[in-house]
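# Analysis of the macromolecular model
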Amino acid sequence: MVSAVQQGRPPGRSLRRRATAMAAGVALSAGGAVALASPAQADDAWLTVDDDGFATFTIPVDEIEDAVGHDVGQIVAEGNFGPSANWAEFGLTLRGDTATGVLGPLEPGHYYYQVTADDHYPVKDPTNPTTVASEPEWSTFMVDGEGAEELMDAPDGARGEVEELTYESSVAQEERAALAWTPPDYDADRDQPYPVLYLQHGGGQSYRDWVEVGRAAQIFDNLYAEGKIQPMVVVMGNGNVSDFGDELFRNIVPASEQALNISDEPSERALAGLSMGGGHTFEVLVSDPGEFSHLGTFGAGRFDLDDLPVEQINSGTDLLRLYVGNPTDIAYNDVYHAMDALDEAGVEYQFDGANPDAGHNWDAWQENLSDFAQRLFQDGRFPGLSPGHETIDAPFETPESGTTPTPWVSDDGYVTFETSTEFADAEHVTVWANWGASHLWTRVELSKAGDRWRGTVGPLEPGAYHYRLIVDMEAKKDTGNPTSVTSEPTWSQFLVPGESARLVTPAPEEERGEVQEMTYDSSVADEERTALVWTPPGYDPERSEPYPVFYLQHGGGQTYTDWVEMGRAPAILDNHMRDGNLEEMVVVMGNGNVGDFTSELMDNIAPAAESQFHVSDDPEQRALAGLSMGGGHTMGVLTDRPGEFAYIGTFSAAYFGDGSDLDVESINDGTTLLRMYNGNITDFTYGSVVNAIDIFDRLGVEYEFDGWFEGPHGWDTWQYALADFAPRLFTEATADDGDSVEIEATVPEVADGYLSLTVAEHGGAVALDEASNAGDRLEMLGALPEVTVTDSRNDQQAGTSGWAVSGQSSALSTVGSSIEAGHLGWVPSLVDAGEGVEAGEPVSTLMSGGTGLAAPQRLVEAAGEGRFGSTTATAELELEVPVDTSAGTYTGEITVSLFPVD
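A brief report on the enclosed structure follows. It should be emphasised that the depicted structure is a prediction, and the values quoted were computed from it without experimental measurement.

What counts as what
- Sequence positions are assigned chain by chain, starting from 1 and proceeding in written order.
- With the structure being a predicted model, the display of local features is reserved for residues of pLDDT at least 70 and the display and counting of side-chain atom pairs for 80 or more, all residues being used for whole-chain, interface and lining totals.
- Hydrogen atoms and water are omitted, and side-chain values are computed over all heavy atoms in the structure.
- A pair of strands counts as paired when DSSP detects no fewer than two bridges linking them.
- Helical segments are the DSSP runs of H or I of at least four residues, strand segments are the runs of E of at least two, and each set is numbered from the N terminus.
- In this analysis an axis means a line fitted to C-alpha atoms, helices contributing only their contacting stretch, and an angle means the value between N-to-C directions, from 0 to 180 degrees.
- The buried label goes to any residue with under 20% of its type's maximum accessible area, the exposed label to any with over 50%, and the partly exposed label to all in between, with areas taken from a 1.4 Å probe on protein chains only.
- Pairs of N or O atoms are called polar contacts if they sit within 3.5 Å, as long as, within protein, a hydrogen donor faces a hydrogen acceptor (for residues adjacent in sequence, only side-chain-to-side-chain pairs).
- Two residues qualify as a contact provided that any one of their heavy atoms is within 4.5 Å of a heavy atom in the partner residue.
- In this description, a nonpolar core means a group of buried Ala, Val, Leu, Ile, Met, Phe, Trp, Tyr and Cys residues linked to one another through side-chain atoms lying within 4.5 Å.
- We call two directions roughly parallel when the angle between them is under 35 degrees, roughly antiparallel when it is over 145, roughly perpendicular when it lies between 65 and 115, and oblique otherwise.
- Handedness of a helix crossing follows the sense of rotation of the near helix relative to the far helix, less than a right angle counterclockwise being left-handed and clockwise being right-handed.
- Following the grouping adopted for this structure description, the nonpolar residues are Ala, Val, Leu, Ile, Met, Phe, Trp, Tyr, Cys and Pro, the charged ones are Asp, Glu, Lys and Arg, and the polar ones are all others, Gly among them.
- For patch building, the residue pool is restricted to those with more than 30% relative accessible area and no salt bridge; the joining distance is 9 Å between like charges and 5 Å between nonpolar side chains (Val, Leu, Ile, Met, Phe, Trp, Tyr).
- Per-residue accessibility takes into account occlusion by the displayed protein chains alone, with areas from the Shrake-Rupley method and a 1.4 Å probe.
- We define a salt bridge as a contact between a side-chain nitrogen of Lys or Arg and a carboxyl oxygen of Asp or Glu at a distance within 4 Å.
- All tallies of charge rest on Lys and Arg as positive and Asp and Glu as negative; His and the ends of each chain are not included.
- For the purpose of locating charges, the reference atoms are NZ of Lys, CZ of Arg, CG of Asp and CD of Glu.
- Here a cavity means grid points, on a 1 Å grid over the protein atoms only, where a 1.4 Å probe fits yet cannot get out; a pocket means an open set of points with protein on both sides within 12 Å along at least five of seven lines; lining residues are those with an atom within 4 Å of a point.
- Grid points are joined across faces, edges and corners, and a volume is the space filled by probe spheres set on the points.

## Some remarks on the sheet that holds strand β3 (residues 55-60)
Taken in spatial order, the four strands make up an open sheet running β2-β3-β7-β6, and their pairing is antiparallel. Every interior strand has two partners, whereas the edge strands, β2 (47-49) and β6 (93-95), have only one. Within the sheet, the average angular offset between the axes of one strand and its neighbour, ignoring direction, is 20°. Alignment of β6 against strand β7 (residues 98-103), held across three bridges, turns out to be antiparallel. Bridge pairing links threonine 93 to threonine 100 in β7.

This is the structure in structure tokens:
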């Protein structure tokens, strides 16, 4: 299939013929980075970002209504906030004259966003001076931190300049502009012209996008400061023309060569582009092979692959490297098919691997640019996949339209939604689900597919998800999903399976407890009511000792069914029982929608449970917990009737008094465990819990605080709280008679779980064997000391992460001479390891066509499923140097580093 930008492109036209038509009127605008005029700033910022990466939106509704010219009913902030850094909407809460919301913590990186009213009216944030020429409503911001170092502003003195180059375009018949980045020490008069990279934007973008959104200037500044790229000039031209090849060779290249001290030698010229620009890059490779020695395509693959000049491409190209995101990248399948065709044709190329963390977006393209730039005009870079990237073994395929209930979940966590035909006439359809930062709800837009709406989101971490459709601003149930939620009729659910989702995954049927209804008369509500009761597997109503009982309450706007339907309480309890983590108990989930919950519980729910089930009325054998409103009710029972329940848990709830009503002595004497749980600052009870902790500390109330869970006021937070709280109940046992044996144990801090690396003793240095002469080189062999990784992290600490060990060598030096690190290679191997652990790939030396250990190379890695325990690895070392290397004893070091990986 040929895209519009690839049609009618005659091959074989030479650069030399076209380049003679020199563009007229070339001008270079000096004076550093260029920018459009900033908008007038309002008094108060619409967006603030704190040091922890939480983005707080505070937007005056009247300013939005003034901008769009009418009243609005919905305001969202939308940007690259979704899974895989794809575009998503974050719904803001309208409170009076302000639309507010807290999103985060956001991963370190570069973000772009706009404010949109009523689905169709985008508004530029006037308080943010950043601009994007191709998207006038967009603003940008940075979240600094580990992993985003290359996107941050380089220190003063280490920054190159971005200048505007204007020229007459004979193709577009107008004056046009390009941006040019020059390194900090650029010398317009140096004898040797600089190598040059021509870097192209995508469809619907402009020549400014690589600077304004892609952070290209920061990427080049930081790479150059670290010595990772060669001195070069980067030209970002305007590719919005009907014939890019003509525009490039007739206008962009000649104008650049006239204004800048850059080379016209193909060996010192590179060409790359994203999306449409990647398609343009491949067109030039085919039409004019050999005119650029290095070419890169980012998120592009819909190439014209017929009649390729294979011999000319291979002989004239030092590097052709293809890049793509994960299956949410629209180019994913195109790249798969393109590689098949290139392989069959015999075209030599490299594949960077599919980026598992990003789709068809700037997060992917920024990483692509960084990798590609480090491969230009220098040798020694590993030709294979980037660390963590994946091969594409097959195209990503979803079920045919209308053939399966939705959503459809792939084995690797990609979730495809498809609506019924009832929304065929809708204008805007999104899926709003708990897949945002901190499990916050964000909306992902679906695309029209015939008379349905369809879209794929992911990859999602294993876990339980809930969602609803938003169709033209109205919440709708996904009727293709059979799940339902009694208290939220428009909600549906799905599960992404995986080890970290085990507790919320239904246990095998034969290992499940039973959930049954309990009806009772409520003297408080003056009606018959219902509760749900979970009994453990093997529940015996005739056993001699009554079961401990745990009363578990829902939140405001919910009902007694929510802990089963949304909280996945049966699955959590069943799996804890299977694992031996839970005392046998009965769990009663009552209806807390009453004005006086303490009376409802003590006079109605508890007596009904005690009469209908074999449960204890002993306070030592009773627990009470609840979420949000139910947590407030729980705290009320604790303060009103201290000592009635030995175990108390509050989930996203707090004590709201000033302490004057607390009988601290009775609370402490009558409570075995008071444990509080809460989400992070996106949980609106955050401040109340901080206040409660202060009061409890001041008055001496004995309690435990679990810490701030990375979640909002929502079910992810509460499922975690239940999973942590339930195994703590009724665990203190006593014996009336018999001998006792005193046991004493000291548990060091590391027993909480740790990930560590040790290197075997090696006498201070590893001496390589005597050199052998292999004709053009000297070879020396040795062995890396055994490296042992110990991982005792529990599942809560590790999540889904495994770990990896990499190694990198310094240069080896002696007096007056040195040997580059790339001359040292290795062959990793496992000494002792379990399943799921793999040794790294062999790394050849520079003299054997590899990259050596000049850059970090993988020694050993473990997936999340096989990480636990101890693993020992080593590697055969091989040093290969030219036979004329100066004699002497060279020393250096290999640094091995351990880090967790997803």
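## Quick notes on the side chain of glutamine 74
Position of glutamine 74 among the secondary structure elements: in the loop between α2 (61-68) and β4 (75-79). Among the residues examined, glutamine 74 registers a relative accessible area of 10% and is labelled buried. A polar contact is formed between the side chain of glutamine 74 and the side chain of aspartate 119, at a distance of 2.9 Å. The residues contacting glutamine 74, other than those within four sequence positions of it, are Leu94, Thr116, Ala117, Asp118, Asp119, Arg443 and Met473.

## Things to note about the nonpolar core
Formed by 46 residues in total, the largest nonpolar core has its most connected members in Tyr198, Val235, Leu248 and Phe292. In contact with valine 235, not counting residues within four places along its chain, are Ala178, Leu179, Ala180, Val196, Leu197, Tyr198, Leu199, Ile252, Ser256 and Leu260. Core analysis: the next-biggest nonpolar cluster, separate from the first, contains 42 residues, Phe550, Met566, Trp715 and Leu729 among them.

## A few points about the packing of helix α11 (residues 569-578) against helix α16 (residues 715-725)
Taken N-terminus to C-terminus, the directions of α11 and α16 make an angle of 30°; their axes are 10 Å apart at the nearest point. Comparing the axis directions of α11 and α16 gives the class roughly parallel. Between α11 and α16 lies a crossing whose hand is right-handed. The segment α11 lies against α16, with Ala569, Ile572 and His576 engaging Gln719, Leu722 and Ala723. When the residues that make up the contact of α11 with α16 are grouped by side-chain class, the tally is four nonpolar, two polar and no charged.

## Describing a negative patch on the surface
Together, Asp44, Asp62, Glu63, Asp66 and Asp97 give the surface a local cluster of negative charge. In this structure, aspartate 44 sits in the loop between β1 (27-29) and β2. For aspartate 44, a relative accessible area of 61% corresponds to the exposed category.

## Regarding the pattern of salt bridges
Side-chain pairs of opposite charge can arise where the charged atoms are in close proximity. Per the stated rule, a full pass over the model turns up 32 salt bridges. With its nearest N and O atoms 3.4 Å apart, the salt bridge here joins arginine 159 to aspartate 156. The shortest N-O distance in the salt bridge between glutamate 291 and arginine 269 comes to 3.4 Å. Pair noted here: glutamate 291 is in the loop between α6 (276-287) and β16 (294-298) and arginine 269 is in strand β15 (residues 269-274), with a separation of 22 residues, a long-range link. We classify glutamate 291 as buried; its relative accessible area is 12%.

## Here's the deal with the side chain of arginine 375
Structurally, the position occupied by arginine 375 is in the loop between α9 (362-373) and β19 (408-409). Residues in contact with arginine 375, not counting those within four places in the same chain, are His294, Leu319, Arg321, Tyr323, Gln350, Arg381, Phe382, Pro383 and Gly384.

## What about the environment of valine 664?
As for its position among the elements, valine 664 is in helix α14 (residues 664-670). Residues valine 664 and threonine 639, spaced 25 residues apart in sequence, show a C-alpha to C-alpha distance of 8.9 Å.

## Structural notes on empty space enclosed by the protein
Evaluated as defined, the whole model comprises one cavity of 30 Å³ or more. The volume enclosed by the largest cavity comes to roughly 50 Å³. If you trace the largest cavity, you find it lined by Pro399, Glu400, Gly402, Thr403, Thr404, Thr406, Trp408, Thr416, Phe417, Glu418 and Arg454. With three residues, the single largest contributor to the lining of the largest cavity is strand β20 (residues 415-418). Here the lining of the largest cavity is built from residues that sort into three nonpolar, five polar and three charged.

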